[in-house]
Amino acid sequence: MRGSARKNWRNSLVGIDDEKMYLIHFRIKTSHVVSPDPVVAVADDDVILPCSLLNFTKTAGLIVKWSISNLKDPTRKDKVVHFYRDARDSNVDQDESYRGRTSLYKELKNGNVSLKLSRVKLSDEGNYRCYILVQEPNSLVHETVIQLIVVAVSNPVIYINGTKGSGVVLKCEAKSWYPKPEMNWLDSERQVLPAGSAETHRDTEGLYIVRRHVTVNKNVTNTFTCRVQLQKLNFRRETEYNVPGELLLLRKIKTQYISDITPSLRCLKAAVAHRVTDYSIG
């Protein structure tokens, strides 16, 4: 084992004294796994971060440490998320932000030491490291790195925001999203409608608020859908809205009425102008 790797491994195993470390150093086997797919969690939900050893049946001498890299700390010291040794949790050095929110999966005898993280926060996002030390019968160190991505989503809200020409203006609003989502309007056939530019703002907690207008006209069902999504993460929320047919019909009749009387108004205006001109000349 190289010097840098030995140092990182030593730092990761809190609670093992130097003498024991020296004794097992020459007998140790190591394995390192980087999970190819990130784990995605929704804020305020619970999530399981997977970590396990295959063909493992004994828990004697088992030590498990879950930690997360703290990139904002200039010392780059990891935060302790959960620590297990001597057949019990030992979270004296656990970071305060994780207090009361962590537990190991209850299948230790099968080598499953996955971490359950409750009431996920946006600040929980990051790269988690699962360190496992098995001291009996042969010393073994296993390390797994898992990326946790935390998203915030909510159902969009639709309401009528006035009229324009022969159509009705609908407005969609989606609050408390993270990261920044995309918003589109769909017609009854699930086709994307041309709409105004999306307005995006961030609230005091850094979450996104998105709004977008669309002008709609009568179709087969008068049903329109606002879709908000995190396309890369495959998260989507949709809300359907049925515009009352009477409202769309009223707009159509009103527009047609104005269209029909416009030529008459133009003729009347021309006639009046002509009379005024004649009167002025005379």
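Located above this text is the structure these notes cover.
Residues numbered from 1 in each chain as written. Predicted model: local features only at pLDDT ≥ 70, side-chain atom pairs only at ≥ 80, totals over all residues. Heavy atoms only, no water.

A. Spotlight on unusual backbone geometry. Here the residue pair Tyr 178 and Pro 179 is connected by a cis peptide bond, since its omega of -5° sits within 30 degrees of zero. Although it is not a glycine, Ala 87 adopts a positive phi angle of roughly 60°. When you line up the elements, Ala 87 lands in the loop between strand 5 (79-85) and strand 6 (88-89). With a phi angle near 60°, Asn 222 is a residue other than glycine that sits in the positive phi range. By the element assignment, Asn 222 lies in the loop between strand 15 (208-216) and strand 16 (223-230). (Helix = DSSP H or I, 4+ residues; strand = E, 2+ residues; numbered from the N terminus.)

B. Inspection of the nonpolar core at higher detail. Ranked by internal contacts, the top residues of the largest apolar core, which has 29 residues, are Leu 49, Leu 62, Trp 66, Val 113, Tyr 128, Ile 132 and Leu 148. Elements supplying a minimum of two residues to this core: strand 2 (39-42), strand 3 (47-49), strand 4 (62-68), strand 5, strand 8 (115-117), strand 9 (126-134) and strand 10 (140-151). Other than its neighbours up to four places away in sequence, Leu 49 contacts Val 39, Trp 66, Ser 114, Leu 115, Tyr 128, Ile 146 and Leu 148. Counting residues in each nonpolar core, the second largest holds 22 residues, with Ile 149, Val 151, Trp 177 and Tyr 208 among its members. (Core = buried A, V, L, I, M, F, W, Y, C linked by side-chain atoms within 4.5 Å. Buried < 20%, exposed > 50% of the residue type's maximum accessible area, 1.4 Å probe, protein only. Contact = heavy atoms within 4.5 Å.)

C. Looking closely at the state of the cysteines. Summed over all chains, the structure comprises two disulfides. A disulfide bridge connects Cys 172 with Cys 226, and the sulfur atoms are separated by 2.0 Å. Between Cys 172 and Cys 226 the sulfur-sulfur dihedral comes to about -80°; the bridge is accordingly left-handed. Placement of Cys 172 in strand 12 (residues 167-177) and of Cys 226 in strand 16 is noted, with a sequence separation of 54 residues between them. What makes Cys 172 buried here is its relative accessible area of 0%. (Disulfide = S-S within 2.5 Å.)

D. Fine view of the packing of aromatic side chains. Inspection of every chain in the model, using the stated rule, returns one aromatic pair. A ring pair is formed by Tyr 178 and Tyr 208, whose centres lie 6.4 Å apart and whose planes are at 25°; its orientation type is stacked. Placement of Tyr 178 in the loop between strand 12 and strand 13 (182-186) and of Tyr 208 in strand 15 is noted, with a sequence separation of 30 residues between them. Of the residues examined, Tyr 208 reaches a relative accessible area of 15% and is grouped as buried. (Phe/Tyr/Trp six-rings, centres within 6.5 Å; stacked < 30°, edge-to-face > 60°.)

E. Molecular detail of the pattern of salt bridges. Under the defined criterion, the tally for this structure stands at seven salt bridges. In this structure, Arg 85 engages Asp 86 in a salt bridge whose closest nitrogen and oxygen atoms are separated by 3.5 Å. Looking at Arg 85, the relative accessible area reads 16%, which means it is buried. Two residues, Glu 173 and Arg 211, come together in a salt bridge whose shortest N-O distance is 2.4 Å. Of this pair, Glu 173 sits in strand 12 while Arg 211 sits in strand 15, and the two are 38 residues apart along the sequence. For the residue pair Glu 173 and Arg 211, the accessibility class agrees, reading buried in each case. The network of salt bridges with shared partners includes Glu 173, Lys 175 and Arg 211. (Salt bridge = Lys/Arg side-chain N within 4 Å of Asp/Glu carboxyl O.)

F. Structural view of the sheet that holds strand 17 (residues 235-242). Taken together, the three strands give an open sheet; going across it, the order is 13-16-17, and neighbouring strands pair in antiparallel fashion. On the outer flanks of this sheet lie strand 13 and strand 17, each paired with one strand and no other. Ignoring strand direction, the axes of neighbouring strands in this sheet form an average angle of 15°. Strand direction decides the pairing type here: strand 13 and strand 16, joined by five bridges, are antiparallel. Directly across from Glu 182, in strand 16, lies its bridge partner Gln 229. (Pairing = 2+ DSSP bridges. Axes fitted to C-alpha atoms, helices over the stretch in contact; angles between N-to-C directions.)

G. Broad picture of the side chain of Thr 223. Tracing the backbone through its elements, the reader meets Thr 223 in strand 16. For Thr 223, a relative accessible area of 15% gives the class buried.

H. Just the sheet that holds strand 7 (residues 102-104), in detail. Pairing within the open sheet is antiparallel, and its three strands lie in the order 3-8-7. For this open sheet the edge positions go to strand 3 and strand 7, each flanked by a neighbour on one side alone. Between one strand axis and the next, the sheet turns through 25° on average, direction left out of account.

I. Focus on the pairing of strand 12. Burial analysis of strand 12 places nine of its eleven residues in the buried class, the great majority of the element. Examined bridge by bridge, strand 11 (residues 157-164) and strand 12 share six bridges and lie antiparallel to one another. Within strand 12, the residue paired with Tyr 159 across the bridge is Lys 171. The turn joining strand 11 and strand 12, which pair antiparallel and follow one another in sequence, is formed by two residues; a positive phi near 60° is taken by Gly 165. Direction of pairing for strand 12 relative to strand 15: antiparallel, over a ladder of eight bridges. Residue pairing across strands places Cys 172 opposite Arg 212, the latter belonging to strand 15.

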